[in-house]
Amino acid sequence: MIKNKKILLGITGSIAAYKAAILVRMLVKSGAEVRVVMTPDAKNFVTPLTLSTLSKNPVLVDYFNPENGSWNNHVELGTWADLMVIAPCTAQTIHKMAHGVCDNLLTAVYLSARCPVLVAPAMDHEMYHHVVTQTNIKLLKKNGCGIISPGYGSLASGIEGDGRMAEPEEIFLKIDTFFPTTPFSGKKILITAGPTFEPIDPVRYIGNHSSGKMGYALAEEAVKRGMEVYLVSGPVALNPPAGVDHFTKVQTAVEMYDACMEIFPKVDIAVFAAAVADFKPKTTYSEKFKKDGQEFLSIELEKNPDILAACGAIKNHQWVIGFALETENEEYHALQKKKNKNADWIVLNSLKIPGSGFGTDTNQIVIFDENDRAHPFSLKSKRELAFDIFELLQNKFTDKQENKK
Ligand code: PMT
């Protein structure tokens, strides 16, 4: 499952370099983010322009960019990637990698990489079978690199033999199988996040302290698990996580309701982490409200639609997860909300626990499952909790799928 994966493609100076362009196109088409590092020799076989156009990212060759004096940070590249693939990889680069020689950007990135590395050798038959090359390949394997064996065929030297780089389709398949599919792969999820702002007049509103961090962490985790993510967000200061497929920004509860009602029938899972205003001003003044001559001001409020309850009422195949933010009698109120809104799970967080609830990077939650069984989690980052929620959901979801069989 390649979608949303970060692939760093290293290209070295071999005639097979032109095939790397086909590989880049296949990876990008499958939703991967691709960055390319080339050795200076590789530029003789395929142009950086072709690869940057196909990858939609600048191609890196040297440590320095003489035009603007910028520095290509090999450590950043090495830590950015989920997988580094070197295709084609010449005998020379294999040798350098095996012995820690670091004399160009590509080999420096290799030494800095924290991710797994796949190598697709490409060379002449005799070079491939030379004892030095074979020893180097064994060393690379010992050091943890995966080798995509070359095939037999006509070679640049004119002879037939081993050493022909695996075809781009085969390399693509190796990359694809490298990333295992999860029970969520291809599933669709709706996540609500952040507050809603209910306008009183053009300058004032009724809102709350939700920062969107919990909902955005869930969206990020859903992307990692290969889901198609619909994120509906109230006004927050965060950028939507990379890889979110459908992002809808709203202000009010009614706007959030409208967006969710359109999306909900399409999804398999819906998580309601937004702090939706229960009430909104009955009247929104079109001009700024004047305080002159007024000692008191009453604003009449009317109920907003309850998005979770509306989705809970029409759900059929969807797995519906609500959040409950409580300040007293927490468990009782959370379970009441779960029942009244027809949610499958409710995630309780309490404003009474320091470091929990609104605005913080951390949270402490208890998940009440479909049998009202409590799954408590310690105080930890919202990102870690998003991981925990999907881990638990993964078991349930796998069970659910299996029960259907
Ligand atoms: O955004 P952060 O700063 O990271 O904070 C995270 C959070 C505290 C906002 C989040 O973890 C959380 O608890 N979200 C739900 C807050 C809330 O409104 O709880 P509630 O108990 O009032 O609502 C219960 C559920 O009904 C929630 O899933 C809520 O999204 C939903 N709801 C409520 C009212 C409404 N009109 N429509 C809804 O869908």
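1. Considerations on the packing of helix H4 (residues 91-99) against helix H7 (residues 131-142)
Two quantities define a packed helix pair, namely the angle between the axes and the distance from one axis to the other.
Then step 1. It is the contact of H4 with H7, at a shortest axis distance of 9 Å, that shows an interaxial angle of 50 degrees. As far as their axial angle goes, H7 and H4 are oblique. Judged by the sense of rotation from one axis to the other, the crossing of H4 with H7 is left-handed. Touching Ala 91, Ile 94, His 95, Met 97, Ala 98 and His 99 of H4 are Val 132, Thr 133, Asn 136, Ile 137, Leu 139 and Leu 140, all from H7.
Then step 2. Each residue belonging to the contact of H4 with H7 can be placed in one class, and the counts come to eight nonpolar, four polar and no charged.

2. Concerning the pairing of strand E6 (residues 117-121)
Then step 1. In terms of burial, E6 is a largely internal element, five of the five residues being buried.
Then step 2. Relative to E6, strand E5 (residues 83-89) runs parallel, the two sharing four bridges. In the sheet register, Met 84 faces E6, and the bridge partner there is Val 117.
Then step 3. Pairing between E6 and strand E7 (residues 146-147): two bridges, direction parallel. If you follow Val 119 over to E7, its bridge partner there is Ile 147.

3. Considering the site of the ligand
Then step 1. Looking at the ligand, there are 27 residues lining it, with Ser 210, Ser 211, Lys 337, Asn 349 and Gly 359 nearest.
Then step 2. Between the ligand and the protein, one listed contact pairs an oxygen atom with a backbone N or O atom of Gly 212 at 2.7 Å.
Then step 3. The separation between a nitrogen atom of the ligand and a polar main-chain atom of Ile 307 is 3.1 Å.
Then step 4. Across the complex, the protein chains shield 96% of the 770 Å² of accessible surface that the ligand would expose by itself.
Then step 5. Listing elements by their share of the shell around the ligand, those giving two or more residues are helix H9 (213-224), helix H11 (307-314) and strand E18 (319-326).
Then step 6. Broken down by element, the residue count for the shell around the ligand peaks at four residues, all from E18.

Rules used in this analysis
Every chain's residues receive numbers from 1 upward, in the order its sequence appears when written. Side-chain atom pairs in this predicted model are given and counted only at pLDDT of 80 or more, local residue features only at pLDDT of at least 70, and totals for whole chains, interfaces and linings cover all residues. Only hydrogens and water are removed before side-chain values are computed, so all heavy atoms of the structure are retained for them. Structural elements are reduced to axes, namely lines fitted to C-alpha atoms, with helices fitted over the stretch in contact, and the angle between N-to-C directions of any two is expressed from 0 to 180 degrees. Only DSSP runs of H or I reaching four residues or more are called helices, and only runs of E reaching two or more are called strands; each is numbered from the N terminus. An angle counts as roughly parallel when it lies under 35 degrees, as roughly antiparallel when it exceeds 145, as roughly perpendicular when it falls between 65 and 115, and as oblique in every other case. Left-handed describes a crossing whose near helix is turned anticlockwise from the far helix through less than a right angle; right-handed describes the clockwise counterpart. Contact criterion: two residues are considered in contact whenever any of their non-hydrogen atoms come within 4.5 Å of each other. In this classification, Asp, Glu, Lys and Arg are treated as charged, Ala, Val, Leu, Ile, Met, Phe, Trp, Tyr, Cys and Pro as nonpolar, and every other residue, Gly included, as polar. When a residue's accessible area, from a 1.4 Å probe over protein chains only, is under 20% of the maximum for its type it is buried; when over 50% it is exposed; and in between it is partly exposed. Strands pair, by our definition, only if DSSP identifies at least two bridges between them. Note on terminology: near, applied to a residue and a molecule or strand, indicates that one of the residue's heavy atoms is within 4 Å of it. For the purposes of these results, a polar contact is taken to be a pair of N or O atoms within 3.5 Å, where, inside protein, one atom must be able to donate a hydrogen and its partner to accept one; residues adjacent in sequence count only when each atom of the pair is a side-chain atom. Only the protein chains shown count as cover for residues, and all accessible areas are computed by the Shrake-Rupley method using a 1.4 Å probe.

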